[in-house]
Amino acid sequence: MGRTLLVTGGAGFIGSNYVHYVLGSQPEDRVVVLDKLTYAGNLDNLKSLVDDPRYHFVQGDICDAETVARVLDAHGVDAIVNFAAETHVDRSIADPDAFIRTDVLGTHTLLEAARERGMRYHQVSTDEVYGHVPEGASVETDPLEPRSPYAASKAGGDLLVNAYFVTYGLHTTITRGSNNIGPFQYPEKVLPLFATNAMEGEMLPVYGDGLQERDYQWVGDHCEAIDLVLRRGAPGEAYNVGTGTSITNMEMTQLVLETLGKDRGLIRHVADRPGHDRRYCIDTAKIRALGWRSRHTPQEAIRESVRWYVDNEWWWRPIKSGAFKAYYQEMYGSRGDYQAG
Ligand code: NAD
Ligand code: TYD
């Protein structure tokens, strides 16, 4: 028997990759996407599915309880997989309001709808909820110590999910993914920004010394893990998802340039992000015990992602020539150079 999934935020980066993964691998499944289409939502990400009768798109806000109820009931949804969120740390620093609204109140609205219907609920979260990890690797039982408005709002969502499991017995699960890279990632995030800037001969703005560490994982690996947890995850549990290996931003940047055959002279060290978490690193033993393996190292994921942006200019050129230009000017225009020490 196939499932009918409500994929909220399915027009964004990871959500759209997840929709492609589910419909590509499970012939019996149906997917309803509910997405507000903010600046980050893009129907081009789902364009190859428009003629698939198993796919249905609804434009709407996860904070709007009536819309959520209508969509769940009209389509006989079995489970909610929540990707919808404001996601960019730099935007959360400049203007946190939308983050609290969507990532906390939106999560609450979905949880209420799931509780009223006794519906399976999966929350897509992030390793950023653990905060800066000076050494070792975060395990799922570690305290949540978020430090940016984005991470704090995601942690708020995680705590609500846990409360709905404990208090109401709702069948919930959470995945905490590390930095995803791959097709359809909005070019505000570092990998598509650096790859497309380098292709355009623009500078690559590395924050601070660039020695911050991130676990860059292939988005397709993350999507497989989310679906596995949706099927086989234990109720009330959270699962870290990533390669388990973190590398520095300088190493990532050099790989991007190498893959494109571009010169290191394009690198510009700029003023650091306030409150920048220096290191994230996760222990992935728990998801591996469910039978999941990351299929790409961070280095393979970076090379493959860069090649996608080389092959898919049709996708990113219209984005970068639109409202993105004003965003880039505002975010980077007056950013000074990095002063060491
Ligand atoms: P994204 O910014 O590319 O996409 C977010 C999507 O949510 C967009 O389509 C947007 O239109 C939609 N959306 C925003 N507010 C909404 C609202 N109020 N109602 C309905 N839809 C709304 O984000 P992403 O990078 O694909 O991240 C997806 C999820 O995965 C997020 O919950 C994020 O916290 C989490 N996550 C991301 C990463 C990463 O590296 N990008 C890593 C781990 C976890
Ligand atoms: P980002 O893609 O914004 O993800 P996150 O902050 O959620 O981890 O950034 C990844 C890393 O790259 C992070 O350490 C910040 C750094 N970074 C830069 O050095 N320059 C940039 O222009 C951006 C956007 C990020």
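See above for the structure.
Report follows, based on the coordinates. (Residues numbered from 1 in each chain as written. Chains lettered and ligands numbered in written order. Predicted model: local features only at pLDDT ≥ 70, side-chain atom pairs only at ≥ 80, totals over all residues. Heavy atoms only, no water.)

1. Considering the overall build of the chain
Convention followed: Numbering of helices and strands runs from the N terminus, with a helix taken as a DSSP run of H or I at least four residues long and a strand as a DSSP run of E at least two residues long. We compute the radius of gyration from the C-alpha atoms alone; for a globule the expected value is 2.2 Å times N to the 0.38, where N is the number of residues. In this scheme, a residue with accessible area under 20% of its type's maximum is buried, one over 50% is exposed, and one in between is partly exposed, where area comes from a 1.4 Å probe on protein chains only. The criterion used for residue contact is that any of the two residues' heavy atoms lie within 4.5 Å. Areas reported as accessible are Shrake-Rupley estimates using a 1.4 Å probe. Residue values count occlusion only from the protein chains shown.
Secondary structure summary: the chain contains 12 helices and 13 strands in total. Taking 341 residues into account, the globule formula puts the C-alpha radius of gyration at 20 Å, and the chain, at 19 Å, falls close to it. By the burial criterion, 57% of the 341 residues in the chain qualify as buried. Excluding contacts between residues fewer than 6 apart, the proportion of contacts in the chain whose partners are at least 24 apart in sequence is 83%. About 14,000 Å² of surface is accessible on the chain, with carbon and sulfur atoms providing 50% of the total.

2. Quick notes on the packing of helix α8 (residues 249-260) against helix α10 (residues 298-311)
Using the following cut-off: Orientation is described by lines fitted to C-alpha atoms, with helices fitted over the stretch in contact, and by angles between N-to-C directions that extend from 0 to 180 degrees. In these notes the angle categories are as follows: under 35 degrees is roughly parallel, over 145 is roughly antiparallel, 65 to 115 is roughly perpendicular, and the rest is oblique. Each crossing is labelled by how the near helix is turned from the far one, with a counterclockwise turn of less than a right angle marking it left-handed and a clockwise turn marking it right-handed.
Axis separation between α8 and α10 bottoms out at 9 Å; the angle between their running directions is 45°. Considering the angle they form, α8 stands oblique to α10. Remark: the crossing between α8 and α10 carries right-handed chirality. Together, Glu251, Met252, Leu255, Val256, Thr259 and Leu260 of α8 and Gln299, Ile302, Arg303, Val306, Arg307 and Val310 of α10 make up the contact between the two elements.

3. Re the pairing of strand β2 (residues 30-35)
Formally: A pair of strands counts as paired when DSSP detects no fewer than two bridges linking them.
Of all six residues making up β2, five are buried, and the element is well covered by its neighbours. In this sheet, β2 lies alongside strand β1 (residues 4-8) in parallel orientation, the contact comprising five bridges. Its bridge partner being in β2, Thr8 is matched across the sheet by Leu34. Where β2 meets strand β3 (residues 55-59), five bridges bridge the pair, whose relative direction is parallel. In the strand pairing of β3, Val32 is matched with His56.

4. Section: helix α7 (residues 219-232)
Note the threshold: Take the number of residues in a helix, subtract one, and multiply by 1.5 Å to get its expected span.
Taking 1.5 Å as the rise per residue, α7 with 14 residues should run 20 Å; its terminal C-alpha atoms sit 20 Å apart, in good agreement. Among all positions of α7, only Val219, Asp221, His222, Cys223, Ala225, Ile226, Asp227, Leu228, Val229 and Leu230 are buried.

5. Observations regarding the site of ligand 1
The criterion, for reference: Here a residue is near a molecule or strand as soon as one of its heavy atoms is found within 4 Å of it. Pairs of N or O atoms within 3.5 Å make up the polar contacts considered here, provided that, within protein, one atom can donate a hydrogen while the other can accept it, and that residues adjacent in sequence are counted only when both atoms are side-chain atoms. Amino acids are sorted into nonpolar (Ala, Val, Leu, Ile, Met, Phe, Trp, Tyr, Cys and Pro), charged (Asp, Glu, Lys and Arg) and polar (every other residue, Gly among them).
Residues in contact with ligand 1 amount to 28 residues; listed here are only the nearest, Ile14, Asp35, Thr87, Tyr150 and Lys154. Between ligand 1 and the protein, one listed contact pairs an oxygen atom with a side-chain N or O atom of Thr87 at 2.7 Å. Here ligand 1 loses 97% of its free accessible area of 830 Å² to cover by the protein chains. Secondary structure elements with two or more residues in the shell around ligand 1: α1 (13-25), β5 (120-126) and α5 (149-168). Take the shell around ligand 1: its biggest share by element is three residues, from β5. Split into classes, the residues belonging to the shell around ligand 1 amount to 11 nonpolar, 13 polar and four charged.

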